[in-house]
Amino acid sequence: ARAVLAGIHLAFNYLFFQETLPVAERRPFAGVVNPLRCFSVVLNMGAPLRKLMFIAMGQYCTEGKHLIGFRNLWLTTACGMGMRQWSNFGMAYSLAMIGGGQLAARCIQRFGRRGYTTLSNITNMVGYACWSQPRLVPMWLGLAILLPGINAVGTSASKAMCVDLATAQGMGKGEFASCE
């Protein structure tokens, strides 16, 4: 059943999505896909792109889906939150993600992509340092401090800079996106 759905999905994409890369810039398909091709970005591209990719990779580690299990265990065991407090904190975190996304757009406009990346990295460091304290007040304070870069939203600016650097070095946007 999954194979049939995959085939339908492939046919749909082939029929209804048009190639956006100009014909002159397309590379011929060799018939074999190298799953390790993405490592060429790390090995063959310039140092600024490599450094920025590692920064973005570190930022992705702060995404909520990677941390939720650890955070919930920390809240209930080390911080001693009861079910009601834990639920309230989860709801506040969800609302903070919405507000943080809105705040990020404004910060990027005000500070630029590089300034925003630095800001989100610093606020993430300080916010998680607050969270490392097993008390309730630092947990709530840390949540407020995390707002500019909450849930790895800081990667939006660094990812855009990575794409710009990769395309400037001759890699297609789609090709680079497959390596992320």
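As a reminder, the structure under discussion sits directly above these lines.
What counts, and at which threshold
- Residues numbered from 1 in each chain as written.
- Predicted model: local features only at pLDDT ≥ 70, side-chain atom pairs only at ≥ 80, totals over all residues.
- Heavy atoms only, no water.
- Helix = DSSP H or I, 4+ residues; strand = E, 2+ residues; numbered from the N terminus.
- Rg over C-alpha atoms; globule rule 2.2 N^0.38 Å.
- Buried < 20%, exposed > 50% of the residue type's maximum accessible area, 1.4 Å probe, protein only.
- Contact = heavy atoms within 4.5 Å.

Trainee: Which residues make up the overall build of the protein chain, and what values do they have?
Mentor: Helix and strand counts for the protein chain come out as eight helices and zero strands. For the protein chain, the succession of helices and strands along the chain, N to C, is α-α-α-α-α-α-α-α. Scaling as 2.2 N^0.38, a compact globule of 180 residues should have a C-alpha radius of gyration of about 16 Å, whereas the protein chain reaches 21 Å, well beyond that. Its C-alpha atoms put the protein chain at 60 × 45 × 30 Å along the principal axes. When each of the 180 residues of the protein chain is scored for burial, the buried share is 28%.

Trainee: Give me the lowdown on the environment of Ala47, citing residues and values where you can.
Mentor: Note on placement: Ala47 falls in helix H3 (residues 47-60). Among the residues examined, Ala47 registers a relative accessible area of 47% and is labelled partly exposed. Sequence-wise, Ala47 and Gly174 are 127 residues apart; in three dimensions their C-alpha atoms are separated by 21 Å.

Trainee: Lay out the environment of Gln85 with the relevant residues and their values.
Mentor: In this fold, Gln85 is placed in helix H5 (residues 83-131). With sequence-adjacent residues up to four places away left out, Gln85 is seen in contact with Gly80 and Leu136.

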